[in-house]
Amino acid sequence: MTSLTNTRGPRRDFLPSSSKLRAISWRAVSVILTLAGLLALTFFMGRLLPDDPVLAVTGYEVDEATYQKVFKELGLDRPVWEQFMSYMGGVLQGDLGRSLTTGQPVVQDLMRAFPATLELALVAALIGSLLGIPLGIAAAVNRGSWIDHLARVIGLAGYSIPIFWLGLMGLFVFYAKLNWIGASGRVDIFYEGMTPTITGMMLVDTAIAGDWTVFKSALRHILMPAAVLGYYSTAYISRMTRSFMLEQLSQEYIIAARAKGLSRRSVIWRHAFKNIRVQLLTVIALVFGGLLDGTVLIETVFGWPGVGQYLTRGLQFNDINVVMSTVLMIGVLFLAVNTASDFLYRRLDPRTR
Amino acid sequence: MSRQPLLSVRDLRISFPGRHSTVEAVRGVSFELGSEKLGIVGESGSGKSVTGRAVMKLLPSIARMTAEEMRFGDRDLLTLSESEMCAIRGRHIAMILQDPKYSLNPVVPVGHQITETYLRHAKVSKRAAREAALAMLDAVKIRNPERVFDQYPHEVSGGMGQRVMIAIMLAAEPSVLIADEPTSALDVTVRFEIMQLLDELIAQRQLGVLFISHDLNLVRRFCDRVLIMYAGQVVETIDAARIDEAQHPYTRGLLNSMPRIHAPRERLPALARDAAWSKDLREVKR
Amino acid sequence: MTHPTIVSHTRPLPRWRRWLETDTPESVRHAAFQESWTKVQHFRSQTLGMIGFWLLMALLFVVIAAPLLATHDPNVQDLSQRLMPPSSENWFGTDHLGRDVYSRVIYGARTTLRIAVLVAVIVAPIGLIIGATAGYLGGIADEVLMRITDIFLAFPGLILALGFAAALGPGINNAIIAIALTAWPPIARLARAEALTIRQSDYIAAVRLQGETSFRIITRQVIPICLPSVTVRVTLNMAGVILTAAGLGFLGLGAQPPHAEWGAMVAVGRQFMFDFPWVVSAPGIAIAVISLAFNLFGDALRDTLDPRIA
């Protein structure tokens, strides 16, 4: 990785840029291959389904002629390979088929539901980072102290308590008993549809419109689901931050920084933390995966009209297109986030630049 | 050495408590350091590095340290708080570590690691600190300081890294320098250059140096006086020039196990050890 | 860095302890016993790990003795007794069909343990074989196998399990298959990493020079060495498996009624939760306790067997 033999100057200047280019293009190829793999996986998942896809469209009372017609329309008479190619072609053109329950193209439904999920995930990730990173650092710096134990308890609980159950308990305590938070949905029902949709994220849209009453209502609604999701991010982020930080604090450069006379604070933030910043990017990308998992359950619990609820509705009504398309979309999204974090890592770490 | 010593340590003891047993790394070490080069020689585990770090109070938090006395000039290091120690470290006592590959922060450009020392100990502007850091890079004989200033540690060689390390530690003009195996991790070819550079800088600045090493040959050439450590204790203190006259069997053993150009031997003797060395010393102390 | 004088505390020990802890083992087997004994000792010194261990033992006991521990038949409905609060008759109350919640939680342990064990049994060999093969063979085989692994890893865990479970249809066995399909890639990654380092070692080169086939080297040499770290990893992942299983159950994709399953119990109890909170609290706590037990046990096991990752 590093060269300590060159006394004349930076090696970077002499590095043939073609090797870097090759690395980037290899990375691109592997992302594309993975993407194709995702498509194949969801395609075959769809074919595993024990239910007859034709009957799912037509209903059970169907005459032979209609059955055959739909069978042809769905392309089921063609070889699997051809079916996959046309599926892939469709997906690339943004065609994921229609939802059997809403009657809308799935893509359209997903576009409508996505901002709600994104808003929830972003608020949760924000909570997780703002709490988790300082907690992890404090735990590592004061190893064995009460804060370290607290971080450990928070982590263990986050790794053990089922998220849907914590959500239900939150609903029970803060809605049913204390009435501090809104019930299901993104705003109180009488405010619904009052704010013009710009980004699709309620907090942002209401703030743009300057409609603070609705903004408050939206905040009351998002707080609990985001806090529950945020708790799990906090658990994960603090645990990872702690172990990264412990690793850095045991390094020799920390002794050197202290030998210079730097205060504890500068040693921690200007030296140790600077070394884990880039690693934390990867962690936050992974947290995003956990959040996507979590939203499926949390949106169901809180009646949050996002991608997760759309997916569970699809499950309930055996709507294959909806289920497989949503799974695919989440996979692609997660892949995109990971690729982006990987790219940023390479850009930001001086050793891999 | 008529005036007050820069550093005086008496009966330093350091132990590391474990789950079932306690490891006593340093057991009653005493020495005084004036404006001289004092070598500490010993095998791995003899407690020499721990002694160096103890003087700066940079031991890991689990370590237990006691001493009858540990003074820098007229200041009692034992009673100083952590923040008071921070004002001593770097400014009055500095330390060069073994391997620049690990002792330089990998994600901070080397120039900033030098200016940091200035900014910590002198009320100067960032610009002035930069100028001073460039001057320091020049003083450690780095050609093209402007360019090196913005480089990251992985972009410089080992020898250059150690020069940067020296620049960082001498930036605030300390009066005591602890050099903990400063050349052991370097290529054999650059070791000599670094030692020469250190020697020059020490002479210019009249530093008191605690030179920690396992290399008796290096120490006898470079230092004025030598402490020989064995199993956490000083077994012998001797002028570097008179080291051949050393009495203690352990020191003699060390000397005998060194190869020499003018007296070739078939096979070097293995180093003998004797549990009595550490025991009777303790009795002598009491 | 330093290893000088060690001051040890002395205490009188029984003979078998002295045999296990002596500094001078008499045979290879004696030494092997000693090594296992230090590991047991190390594990036993970890309080949290021991708590996890005993919780898992308790789970095992509950699973075996469920018929004795349960006060009611878990599936018998009694509509006159619906949604009764906890009492001396129904310790955790009754659900919306008048079934005893306590007895259903007890029987639910069987479902949970069955899922955990079967997933482990499926996942460990698959992950081991794929990982060890990829790591040992390298080249194209490695490239292809790891590409497939990456595809599975590209999905968040629950989402993928949910997709498979939906495709296979509801039911506990399908849930097990679905979870197993999503749980093998991390194991394969781990086994591959181990195999890569083993491949470099001299004794593998020696075995290869003796003309051993790759198949035999993988099965006889590589897999046994990967086994301890894979065991630890599978244990550590068990908590996640249980949570995923509960999540699938909550979404109606796990065990089907009237089968008692904790996640499904929470899902059903949800609509009565505001007035009758005991219907959801007991199964939820049960899930949390068991995954906590696996977490504590797994952490301690990792510290004992594989200090590198700690």
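None of these values were measured; they are calculated from a predicted model.

Undergrad: Would you mind going over the packing of aromatic side chains with me for this structure?
TA: We describe a pair of aromatic rings using the distance from one ring centre to the other and the angle between the two ring planes. Applying the stated criterion across every chain, the model contains 23 aromatic pairs over all chains. Centroid distance Phe164(A) to Phe250(C): 4.3 Å. Interplanar angle 15°. Geometry classified as stacked. Taken together, the residues Phe164(A) in helix 7 (residues 163-177) and Phe250(C) in helix 10 (residues 214-250) connect one chain to another. Both residues of the pair, Phe164(A) and Phe250(C), count as buried. Each ring, one from Phe152(C) and one from Phe164(C), has its centre 6.3 Å from the other, and the planes form 15°; the classification is stacked. Here Phe164(C) lies in helix 7 (residues 157-168) and Phe152(C) lies in helix 6 (residues 139-153), a separation of 12 residues in the sequence. Just as Phe152(C) is buried, Phe164(C) falls in that class too. Each residue in the set Phe43(A), Phe44(A), Trp81(A), Phe84(A) and Tyr87(A) is aromatic and connected to the rest through ring pairs, giving one cluster. Between Lys37(B) and the ring centre of Phe222(B), over which it is positioned, the NZ or CZ distance is 4.9 Å.

Undergrad: So what exactly am I meant to see when it comes to the sheet that holds strand 3 (residues 37-41) of chain B here?
TA: Hydrogen bonds between backbone atoms are what pair the strands of a sheet, whose relative direction is either parallel or antiparallel. Residues and elements named next belong to chain B. Ordered by their spatial adjacency, six strands build an open sheet running 7-8-9-3-10-11, and the pairing between neighbours is mixed. Here the strands that pair on one side only, and so sit at the sheet edges, are strand 7 (93-96) and strand 11 (233-239). Put simply, the sheet's adjacent strands are angled 20° from each other on average, direction ignored. In this structure, strand 3 lies alongside strand 10 (residues 225-230), joined through four bridges in parallel fashion. Residue pairing in the sheet places Ile40 in a bridge with Leu227 of strand 10.

Undergrad: Teacher, can you tell me more about the interface of chain A and chain B here?
TA: Where interface size is quoted, it is often the accessible area lost as the parts come together. Counting residues at the interface gives 28 residues for chain A, matched by 38 residues for chain B. Summing the contributions of chain A and of chain B, the shared interface buries around 3000 Å²; its carbon and sulfur component is 56%. The tally of links from chain A across to chain B stands at four salt bridges. Where chain A touches chain B, the interface holds 12 residue pairs in polar contact (both at pLDDT 80 or more). With six residues, helix 10 (residues 252-259) of chain A is the single largest residue contributor to the side of chain A that touches chain B. Of the residues assigned to the side of chain A that touches chain B, the class counts are eight nonpolar, 10 polar and 10 charged.

Undergrad: Is there a simple way to explain helix 12 (residues 307-316) of chain A in this structure?
TA: Residues three or four positions apart in an α-helix share a direction because the helix packs 3.6 residues into each turn. In terms of residue burial, helix 12 of chain A counts as a mostly covered element, since eight of its 10 residues are buried. On its buried side, helix 12 of chain A packs onto helix 5 (106-141), helix 11 (264-302) and helix 13 (320-348) of chain A together with helix 7 of chain C. Directly beyond the C-terminal end of helix 12 of chain A, a positive phi value near 55° is found at Asn318(A).

Undergrad: Which parts of the structure should I look at to understand the interface of chain A and chain C?
TA: Counting from both sides, the interface comprises 46 residues of chain A and, opposite them, 46 residues of chain C. Between chain A and chain C, a total of about 3700 Å² is buried, with carbon and sulfur atoms accounting for 79% of that surface. Linking chain A with chain C are two salt bridges, by the criterion used here. The shortest N-O distance in the salt bridge between Asp299(C) and Arg152(A) comes to 4.0 Å. In this structure, the connection of chain A to chain C is made through 10 residue pairs in polar contact (both at pLDDT 80 or more). When residues of the side of chain A that touches chain C are traced back to their parent elements, those giving at least two are helix 1 (17-48), helix 6 (146-160), helix 7, helix 11, helix 12 and helix 13 of chain A. It is helix 1 of chain A that provides the largest number of residues to the side of chain A that touches chain C, a total of 10 residues. Here the side of chain A that touches chain C is composed, by residue class, of 33 nonpolar, nine polar and four charged.

Undergrad: Explain a nonpolar patch on the surface here, please?
TA: All names here are of chain C. Taken together, the side chains of Trp54, Met57, Leu60 and Ile64 define a hydrophobic patch exposed on the protein surface, amounting to about 430 Å² of accessible area. Looking at where Met57 falls in the secondary structure, it is placed in helix 3 (residues 47-64). Residue Met57 is classed as partly exposed on the basis of its relative accessible area, which comes to 34%.

Undergrad: Just to check I follow, could you spell out the domain arrangement of chain A for this structure?
TA: Residue and element names in this part refer to chain A. Split into domains, chain A comes out as domain 1 (2-92) and domain 2 (106-352). Each of domain 1 and domain 2 has a C-alpha centre, and these two points are 28 Å apart. Across the contact, 14 residues belong to domain 1 and 10 residues belong to domain 2. At the junction of domain 1 and domain 2, the tally comes to one salt bridge. Across the pair Arg27 and Asp342 runs a salt bridge, and its minimum N-O distance is 3.0 Å.

Rules of the game
Starting from 1, residues in each chain are numbered consecutively following that chain's sequence as written. All chains are assigned letters beginning with A, and all ligands numbers beginning with 1, in the order in which they are written. In keeping with the predicted nature of the model, local features appear solely for residues at pLDDT of at least 70, side-chain atom pairs appear and are counted solely at 80 or more, and the whole-chain, interface and lining totals rest on all residues. Side-chain figures throughout are based on the complete set of non-hydrogen atoms in the structure, without hydrogens or water. Only Phe, Tyr and Trp rings take part, Trp by its six-membered ring, and two of them pair if their centres are within 6.5 Å. Stacked means planes under 30 degrees apart, edge-to-face means over 60, and tilted covers everything else. Numbering of helices and strands starts at the N terminus; helices are DSSP runs of H or I of at least 4 residues and strands are runs of E of at least 2. Relative accessibility thresholds used throughout: buried, under 20% of the residue-type maximum; exposed, over 50%; partly exposed, between the two (1.4 Å probe, protein chains only). The rule is short: NZ of Lys or CZ of Arg within 6 Å of the ring centre and within 35 degrees of the ring normal puts a charge over the ring. DSSP bridges decide pairing: two strands pair if at least two such bridges lie between them. Inter-axis angles, ranging from 0 to 180 degrees, are taken between N-to-C directions of lines fitted to C-alpha atoms, where helices are fitted over the stretch in contact. Contacts are residue-level and defined by heavy atoms, with any inter-residue pair within 4.5 Å sufficient. By convention, the term buried area covers the 1.4 Å-probe accessible surface removed from two parts as they join, with the contributions of both added. Any Lys or Arg side-chain nitrogen located within 4 Å of an Asp or Glu carboxyl oxygen qualifies as a salt bridge. For the purposes of these results, a polar contact is taken to be a pair of N or O atoms within 3.5 Å, where, inside protein, one atom must be able to donate a hydrogen and its partner to accept one; residues adjacent in sequence count only when each atom of the pair is a side-chain atom. Amino acid classes used here: Ala, Val, Leu, Ile, Met, Phe, Trp, Tyr, Cys and Pro are nonpolar; Asp, Glu, Lys and Arg are charged; the rest, including Gly, are polar. Only residues whose relative accessible area exceeds 30% and that form no salt bridge enter a patch; like-charged residues are grouped when within 9 Å of one another, and nonpolar side chains (Val, Leu, Ile, Met, Phe, Trp, Tyr) when within 5 Å. Per-residue accessibility takes into account occlusion by the displayed protein chains alone, with areas from the Shrake-Rupley method and a 1.4 Å probe. Where each domain starts and ends follows an automatic or database-derived domain assignment.

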